[in-house]
Amino acid sequence: MKSDWLFTVVLVGLLCVSVCQCSSGGGHPASTDTDTDTDTDTDTDADTDTDGDSDVDTEDWYCDTECVPEGEVEAVPDDVPGEVDAICAAGSHPVESPAAASLGLQLVGTMQDADGEIVIPEPILARVVGVPELWFEPDSLGWSVFEVTGLGATADGFGFHVHWPALEPLSSWGDTCPFLWAYVRFWVSCDPLDGGVAADAGAPDGGAADLVRVESFNYLKLCNEEEFWDSPLAWHSSGEVCPYWCYEYCVEKR
């Protein structure tokens, strides 16, 4: 009986040791492998994220500049010749005569400022009453918002200064060469007698002079003078050659 009792105690002790080992250490190596794999995966992901935000990484974009020859600025259709008799005999109000006045601009400091000159052929200039009005289009990039100051007579017509306070940054202009339509409106006196020799065509037979409103317009382009990105800019009018328009572009790398 005693030996049976001792055998039972020993057997129970051995079973306890085995169970205790399984509960405290059994499976830990597998758990260690899992944690190690998880840690490795997590660290790898963290390293990838640390490299930078891939969506906004500048290395994902390729940027460069390009200069495109523009050629001659478009000519303006000449509906009515820039001559006194043609203007006075036109019979329309206003008389649209692009040849009656040309407008040029010269940059002053920044793209927002320019000095301008309205050149009018001498025979017409001698008949101009008052000072001209002028405005600019199109209604984009801020060109239609302008301030004209210093408008006054010159030897060849009228001079002025123009400021565009709301002009958008150059970066927003894209690959299109900036262009303007510059309009000039003024009044011309069609006299009954031209120096006592002959009446102007279309002028009244007698009495006071007839005032005719004339409207002229010009195309203008802002151009790069040389074939590189930061070359000087200059305005060119109808009939002149616009050398280049240089712009920056960016494309996403694939």
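Not measured: the values here are computed from a predicted model.

Rules behind the numbers
- Residues numbered from 1 in each chain as written.
- Predicted model: local features only at pLDDT ≥ 70, side-chain atom pairs only at ≥ 80, totals over all residues.
- Heavy atoms only, no water.
- Helix = DSSP H or I, 4+ residues; strand = E, 2+ residues; numbered from the N terminus.
- Buried < 20%, exposed > 50% of the residue type's maximum accessible area, 1.4 Å probe, protein only.
- Contact = heavy atoms within 4.5 Å.
- Areas by Shrake-Rupley, 256 points an atom, 1.4 Å probe, with all protein chains shown as cover.
- Pairing = 2+ DSSP bridges.
- Axes fitted to C-alpha atoms, helices over the stretch in contact; angles between N-to-C directions.
- Salt bridge = Lys/Arg side-chain N within 4 Å of Asp/Glu carboxyl O.
- pLDDT = per-residue confidence, 0-100.
- Disulfide = S-S within 2.5 Å.

Time to look at the overall build of the chain. A count of helices and strands for the chain gives four helices and eleven strands. Looking at the chain residue by residue over its 254 residues, the buried ones come to 27%. Intrachain contacts of the chain at a sequence separation of at least 6 include 64% that bridge at least 24 residues. In the form shown here, the chain has an accessible surface area of approximately 15,300 Å², with 54% of it arising from carbon and sulfur atoms.

This part covers the sheet that holds strand β7 (residues 157–163). Strand order across the open sheet formed by four strands is β3-β4-β7-β6, with antiparallel pairing between neighbours. Pairing within the sheet leaves two strands with one partner each, and these edge strands are β3 (102–108) and β6 (147–153). The average undirected angle you get between the axes of adjacent strands in this sheet is 20 degrees. Pairing of strand β4 (residues 110–119) with β7 involves seven bridges; the strand directions are antiparallel. Opposite D113, over in β7, you have H163 as the bridge partner.

Close approach of charged atoms allows side chains of opposite charge to pair. One pass over the structure, following the stated rule, counts three salt bridges. With a closest N to O distance of 3.8 Å, E133 and R185 form a salt bridge. Here the residue E133 occupies a position in strand β5 (residues 128–137), and R185 occupies one in strand β8 (residues 179–190), the gap between them amounting to 52 residues. Measuring nitrogen to oxygen at the nearest pair gives 2.9 Å for the salt bridge that ties R185 to E215. On the criterion of sequence distance, the pair formed by R185 in strand β8 and E215 in strand β9 (residues 210–224) is long-range, its members being 30 residues apart. Given a relative accessible area of 16%, E215 falls into the buried group. When salt bridges that share partners are traced, they join E133, R185 and E215 into one network.

Turning our attention to the pairing of strand β10 (residues 233–237). Looking along a regular strand, one sees side chains alternate from face to face of the sheet. The element β10 is extensively covered by neighbouring structure, given that four of its five residues are classed as buried. Where β9 and β10 come together, five bridges link them in antiparallel fashion. Within β10, the residue paired with L220 across the bridge is S237.

Moving on, we get to the confidence of the model for the chain. Per-residue pLDDT for the chain has a mean of 74; in total, 68% of the residues score no lower than 70. Within the chain, β7 carries the highest mean pLDDT (97), whereas helix α1 (residues 2–24) carries the lowest (39). Scored below 50 in pLDDT, residues 1–57 makes two contacts in the model with residues more than four places away or belonging to other chains. Across residues 194–198, confidence stays below pLDDT 50; counting only partners more than four residues off in sequence or on other chains, it has five contacts.

Quick look at the state of the cysteines now. Evaluation of the coordinates by the stated rule reveals four disulfides. Between C63 and C250 runs a disulfide, and the two sulfur atoms are separated by 2.0 Å. Judged by the sign of its S-S torsion, about 110 degrees, the bond between C63 and C250 is right-handed. Here C250 lies in strand β11 (residues 241–252) and C63 lies in strand β1 (residues 61–72), a separation of 187 residues in the sequence. A residue is classified by how much of its surface remains accessible, and C63, at 41% relative accessible area, is partly exposed. Residue C250 is classed as partly exposed on the basis of its relative accessible area of 40%. Residue C88 pairs covalently with C190 via a disulfide, S to S 1.9 Å. As the torsion about the S-S bond is roughly -95 degrees, the C88-C190 disulfide counts as left-handed. Of this pair, C88 sits in helix α3 (residues 84–88) while C190 sits in strand β8; the two residues are 102 residues apart in sequence, bridging distant segments of the chain. Look at the chain and number its bonded cysteines as they come in the sequence; the links are 1-8, 2-7, 3-4, 5-6.

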